[in-house]
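# Close look at the chain arrangement
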Amino acid sequence: MNSKSASKKEWQRFFDSHAAHYEENGFTKHTTAEVDFILTLYPILPGSTILDVGCGTGRHSIEFALRGYRVTGLDLSDGMLSVARANAIAAGVDVNWIQADATEFALPDKYDVGLSLCEGGVGLIERGESAETHDLAIFRNISASLKPNAPFILTALNGYSIIRQMKDEQIQEGRFDPSTMLANYQDEWDLPEGLKIMTIRERLFIAPEVVRMLAESGFVVDNVFGGTAGHWARRFLSLDEVEAMFVCRKKP
């Protein structure tokens, strides 16, 4: 079994097991305001088609569907999509749910809008895997699924924030390599279902690197804003923010 397959199974198991508790996380409580904000970034006509990559339990997909948009939600985890389907039924909306790896999918349709509001999708890697190759594949697949000039909104971890927390002792312990910007450490996650020890391998990308990869994937980046959940606004990215938001359009 190759490392990529092992990584998929590892993260699928985590999200499948976490799915029932996902919406107990505090960062999920701002869906209406987040969709309101997205709709201020570009003119998105009623009835437009939206592709939500890394849709999780479907909170953004369902909110857009409630407002009359035609939405496809794509996620790696069957468990998360199972919750999303139940949520959509409860909300009385029809969303097209697809289980797929964001690095590998190809869809027959072209969408009016793309979203990827899943911070864990960018930078997380398995041992020996290239984060840049991984993330470029995601961005290129999304680009290939969008119409020319289609808006694309991405949120991703803000590398500046994590780098500012690193110490020389962590470098000496092998937890962080500043020459490669790779972090490899165990972290204790305080999840709604209880504490869990997670092994994290990630490439810490700073904003200019993400902008470059997006440009290579066929996007024009119009703005980079602070993207921490619950605190979206048209403002400069702070060094200590958890997430950054990349406001893009597919090139004509």
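What counts, and at which threshold
- Residues numbered from 1 in each chain as written.
- Predicted model: local features only at pLDDT ≥ 70, side-chain atom pairs only at ≥ 80, totals over all residues.
- Heavy atoms only, no water.
- Core = buried A, V, L, I, M, F, W, Y, C linked by side-chain atoms within 4.5 Å.
- Buried < 20%, exposed > 50% of the residue type's maximum accessible area, 1.4 Å probe, protein only.
- Helix = DSSP H or I, 4+ residues; strand = E, 2+ residues; numbered from the N terminus.
- Contact = heavy atoms within 4.5 Å.
- Pairing = 2+ DSSP bridges.
- Axes fitted to C-alpha atoms, helices over the stretch in contact; angles between N-to-C directions.
- Phe/Tyr/Trp six-rings, centres within 6.5 Å; stacked < 30°, edge-to-face > 60°.
- Parallel < 35°, antiparallel > 145°, perpendicular 65-115°, else oblique.
- Left-handed = near helix turned anticlockwise from the far one by under 90°.
- Nonpolar A, V, L, I, M, F, W, Y, C, P; charged D, E, K, R; others polar.
- pLDDT = per-residue confidence, 0-100.
- Arc of directions from axis to C-beta.
- Right-handed = clockwise from strand over helix to strand, strands pointing away.

### Here's the deal with the nonpolar core
For soluble globular proteins, the rule of thumb is that nonpolar side chains tend to be buried together. The biggest cluster of nonpolar side chains holds 29 residues, and the ones touching the most others in it are Phe 105, Ile 142, Phe 152, Leu 154, Leu 214 and Phe 246. Of all the secondary-structure elements, those providing two or more residues to this core are strand 1 (49–53), helix 5 (131–144), strand 5 (151–157), helix 8 (207–216) and strand 10 (243–250). For this core, the element with the most residues is helix 5, which contributes 5 residues. The contacts of Ile 142, once residues within four sequence positions are left out, are Val 53, Phe 105, Ser 116, Phe 152 and Phe 219.

### Topic: the environment of Asp 168
On the secondary structure map, Asp 168 appears in helix 7 (residues 168–172). Residue Asp 168 is classed as exposed on the basis of its relative accessible area, which comes to 53%. Along the backbone, Asp 168 and Pro 178 are 10 residues apart, and their C-alpha atoms lie at a distance of 9.9 Å.

### Considering the sheet that holds strand 10
Strand order in the open sheet made by the 7 strands is 3-2-1-4-5-10-9, with mixed pairing throughout. Each edge of the open sheet is held by one strand with a lone partner, namely strand 3 (96–99) and strand 9 (219–226). Ignoring strand direction, the axes of neighbouring strands in this sheet form an average angle of 20°. Note: strand 1 against strand 4 (residues 113–116), 3 bridges, orientation parallel.

### Section: the packing of aromatic side chains
Within this structure, the stated rule accounts for 3 aromatic pairs. Residues Phe 64 and Tyr 69 carry aromatic rings whose centres are separated by 5.7 Å and whose planes lie at 75° to one another, so their mutual orientation is edge-to-face. Residue Phe 64 is classed as buried on the basis of its relative accessible area, which comes to 1%. On the accessibility criterion, Tyr 69 (9% relative accessible area) is buried.

### Some remarks on the packing of helix 2 (residues 31–41) against helix 3 (residues 59–66)
Describing two packed helices takes the angle between their axes plus the distance from one axis to the other. Across the interface, helix 2 lies against helix 3 with an axial gap of 10 Å and an inter-helix angle of 65°. Classified by the angle between their axes, helix 2 and helix 3 sit roughly perpendicular to one another. Crossing of helix 2 against helix 3: the hand is right-handed. Facing helix 2, whose interface residues are Thr 31, Thr 32, Glu 34, Val 35, Ile 38 and Leu 39, helix 3 presents Arg 59, His 60, Glu 63 and Phe 64. Residue composition of the contact of helix 2 with helix 3, grouped by class: 4 nonpolar, 3 polar and 3 charged.

### Concerning the confidence of the model for the protein chain
Looking at the protein chain, pLDDT values average 88 and 90% of them are 70 or higher. Segment residues 1–7: pLDDT under 50, and 9 contacts once partners within four positions in sequence are set aside and those in other chains are kept.

### Notes on helix 8
Here helix 8 has its buried residues at Ala 207, Glu 209, Val 210, Met 213 and Leu 214. Along the axis of helix 8, the buried positions cluster into a sector of 160°, meaning they face one direction only. Positive backbone phi, at 105°, marks Gly 218, one or two positions downstream of helix 8.

### Thoughts on the pairing of strand 2 (residues 70–75)
Counting buried residues along strand 2, 5 of its 6 residues qualify, which places the element largely inside the surrounding structure. Judged from the 5 bridges that link them, strand 1 and strand 2 form a sheet pairing that is parallel. Counterpart to Thr 49 in the pairing with strand 2 is Arg 70. As defined by bridge partners, strand 2 adjoins strand 3 across 4 bridges and the pair is classed as parallel. From the neighbouring strand, Leu 74 faces strand 3, where its bridge partner is Ile 98. Handedness of the crossover joining strand 2 and strand 3 through helix 4 (residues 78–91): right-handed.

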